[in-house]
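Given next are the chains, with one letter for each unit.
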Amino acid sequence: MAAISREEVAHLARLSRLAVTEEELDTFAGQLDVILQAVAQVGEVAAADIPPTSHSVPLTNVLREDVVTPGLTPQEALSGAPDAEEQRFRVPRILDEDVAS
Amino acid sequence: MTDITRMTATQIAELVASGETSAVEVTRAHLDRIAAVDGQVNAFLHVDSEGALAAAREVDARRSAGEELGPLAGVPVAVKDVLTTKGVPTTVGSKILEGWRPPYDSTIVQRLRAAGTVMLGKTNMDEFAMGSSTEYSAYGPTRNPWDTDRIPGGSGGGSAAALAAYEAPLAIGSDTGGSIRQPGAVTGTVGAKPTYGGTSRYGLVAFSSSLDTPGPCARTVLDAALLHEAIGGHDPRDSTSIPAPVPDVVAAAKLGATGDLSGVRLGIVSEFAGEGAEPGVLAAFHEAVDTLTKLGAEIVEVSCPHFRYALPAYYLIAPSECSSNLARFDGVRFGLRVGDDGNRSLEEVMSLTREAGFGAEVKRRIMIGTYALSSGYYDAYYGQAQKVRTLITRDFTAAFERVDALISPTTPFVAFPLGARTSDPYQMYLADLFTIPTNLYGGPGISVPCGLSDGLPVGLQVMAPTMADDRMYRVAAALESAVGTLTPPQL
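Residues numbered from 1 in each chain as written. Chains lettered and ligands numbered in written order. Predicted model: local features only at pLDDT ≥ 70, side-chain atom pairs only at ≥ 80, totals over all residues.

What about the overall build of chain A?
Note the cut-off: Going along the chain from the N terminus, every DSSP run of H or I of four or more residues is numbered as a helix, and every run of E of two or more is numbered as a strand. Radius of gyration: over C-alpha atoms. The globule rule applied is 2.2 Å multiplied by the number of residues raised to the 0.38 power. For the exposure call, what matters is how many other C-beta atoms sit within 10 Å of a residue's own: 20 or more marks it buried, 12 or fewer exposed, and in between partly exposed, using C-beta atoms placed from the backbone.
Along the backbone of chain A there are four helices and two strands. Ordered by position in the sequence, the α and β elements of chain A form the string α-α-α-β-β-α. The C-alpha atoms of chain A give a radius of gyration of 23 Å, which is well past the 13 Å a tight globule of 101 residues would have. When the 101 residues of chain A are sorted by exposure, 19% land in the buried category.

Set out below in structure tokens:
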């Protein structure tokens, strides 16, 4: 049985903000199925009582001295932006027309 | 005088320090070499001739002024395109960052400059460091100098190939699942993944933040150690940076070079010694084990029963972290923006931008990660993989109670032909079978050439406990003293 359907892959693409094509969906569905079946092997390990590891370095609440150092100028910070206006990142429309009006 | 490009970093630095040659002359020789062979190799995405010559002139001026130079001053270095370089293009091998010139330097690059090294340019890589062959670069594959129809490994194939093609004596890589060590193995060069947190991630474009580790690549173990020392150590701008001095890797490399390993106990990981690797790789590995025995090392077999689950655990953890990290590529603050016609919504523009800017492997990993983190699947996939990570760490801890370091082949197979594994993504993942456990544990690992199989290089991997990076350099340098360095036949 397949681990993942074409419809589920389409849903994942939407969640991931990827406007995939129909051809891509066909290819990815098969490939993701192979990958997910293989990685599902982790389920074979009896690990109910094992604590999870999120990170190999056991550091918490790392702080440094609050010293003022030069940062990027607005011009530098915006230098790679696709679109900028009045020292701000300019973004495409966020609200629907009827909501905005 | 012999060809400068064939020299080690150590030799070049001595010549520059003594005034026998200038840093400018050294830099010109390497830029000429790049111009001559990189059309065949494609190791570089960007060559910064002007910046390199300016840095070289600065080193020469400091020497003329009587300043004492560091052990790598005047030595050229190639930097993987995953590290930000102020004003110099940084693409991460992706179309989504094409043309981006970062407004700041990564800590590694700052330290390279402070050490007086001369950055030649940025090297090719699998897009976002996801891959094992450099074929997933959006800018075409890098080719292996040993056989240009074969892959140079990945994701840092550009850095490894630049070394093997004598385009640079030193290079920087980053290792999330083997991206320094596996290219080192298949190009006959040395690649070291430091202890996680031993080198700064500030300015390293993130793939999987709990695993990403920048590190040194070179043609000799001593050169790698010198580079490791120059770039390593605590960085207040990386909250996972370990606040401790760099282990004395240079002294360890020198000690190892004497060829004496008496008193050193090495463990062969039994799970990696018999299966999974092709016969030629195993033959070269076992010959290297005999050599290590002759050098005085005591060899014992050690079982690490959970290592067989490292690959599946990694391919859940790394994609999960990547799906989160790559959310920043939204077409707003840097890089590509597609479809902004004034009518489309932010979400539509974002989806079109990411669709156009990311390659297939990056999309696959983002979707796998999104799946593994979804409610309903989280416990069975991401949560379970994190528990397996604990068990793998326990395997390492138990093994290091018995031995000083672990050894294995670096990769299951030698450099494969271009195109051989791109149609089946999981077959590509298998290239990292032996390197991944170390990343999940967080310890250091190094690949050092140990012989040839059918005329292609084979690497031996040494894995050490966290913050005992010096141990792996000692073992690698000892093996190098017996095996010697490998020279590709073609270029």
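Concerning the interface of chain B and chain A
Defined as follows: The contact rule is simple: place each C-beta atom from the backbone, and if two of them lie within 7 Å, those residues are in contact. Under the scheme applied, nonpolar residues are Ala, Val, Leu, Ile, Met, Phe, Trp, Tyr, Cys and Pro; charged residues are Asp, Glu, Lys and Arg; polar residues are all the others, including Gly.
Taken together, the contacts link 56 residues of chain B with 45 residues of chain A. Among the secondary structure elements, those contributing two or more residues to the side of chain B that touches chain A are helix 11 (310–325), helix 12 (346–357), helix 13 (360–372), helix 14 (379–402) and helix 15 (425–429) of chain B. Per-element tally for the side of chain B that touches chain A: the top contributor is helix 14 of chain B, with 11 residues. In terms of residue class, the side of chain B that touches chain A is built from 28 nonpolar, 17 polar and 11 charged.

Looking at the packing of helix 8 (residues 249–256) of chain B against helix 17 (residues 469–483) of chain B
All names here are of chain B. Rule in force here: Axis lines are fitted to C-alpha atoms, over the contacting stretch for helices. Their N-to-C directions set the angle, which ranges from 0 to 180 degrees. Geometric relationships in this document are graded by angle, where less than 35 degrees denotes roughly parallel, more than 145 denotes roughly antiparallel, 65 to 115 denotes roughly perpendicular, and other angles denote oblique. Here a crossing is taken to be left-handed if its near helix is turned anticlockwise relative to the far helix by less than a right angle, and right-handed if that turn runs clockwise.
Close contact between helix 8 and helix 17 brings their axes to 7 Å; oriented N to C, the two are set at 30 degrees. Taken as axis vectors, helix 8 and helix 17 run roughly parallel relative to one another. At the point where helix 8 passes helix 17, the crossing takes the right-handed sense. When helix 8 is examined against helix 17, the residues Val249, Ala252, Ala253, Leu255 and Gly256 are found in contact with a partner set consisting of Asp469, Asp470, Arg471, Tyr473, Arg474, Val475, Ala476, Ala477 and Ala478. Residue composition of the contact of helix 8 with helix 17, grouped by class: nine nonpolar, one polar and four charged.

Quick notes on the pairing of strand 10 (residues 445–453) of chain B
Residues and elements named next belong to chain B. Under the convention used in this document: If DSSP finds at least two bridges between two strands, the strands pair.
Within strand 10, seven of the nine residues are buried, leaving the element largely enclosed by the surrounding structure. Pairing geometry for strand 5 (residues 190–193) and strand 10, over three bridges, is antiparallel. Across the sheet, the residue bridging to glycine 191 is serine 447, located in strand 10. The hairpin formed by strand 10 and strand 11 (residues 456–463) contains two residues between the paired strands, and aspartate 454 there has a positive phi angle of roughly 55 degrees.

Side note on the UniProt feature "active site" (unreviewed entry) in chain B
All names here are of chain B. Test applied: UniProt positions are given in the numbering used here, feature names are shortened, and annotations may be inferred rather than shown by experiment.
Within this numbering scheme, the UniProt entry marks Lys80, Ser155 and Ser179 as carrying the feature "active site" (unreviewed entry). Spanning 100 residues, the named residues form one tight spatial group whose C-alpha atoms are at most 10.7 Å apart. Mapping lysine 80 onto the fold places it in strand 2 (residues 76–80). A residue is classified by how many C-beta atoms lie within 10 Å of it, and lysine 80, with 33 of them, is buried. Excluding residues within four positions of it along the chain, lysine 80 makes contact with Thr123, Met125, Gly156, Gly158, Ser159, Ile172, Gly173 and Ser174. Inspection of the secondary structure assignment puts serine 179 in the loop between strand 4 (170–175) and helix 6 (181–187). Beyond its immediate chain neighbours, meaning those up to four positions away, serine 179 contacts Ala129, Gly154, Ser155, Gly156, Gly173 and Ser174.

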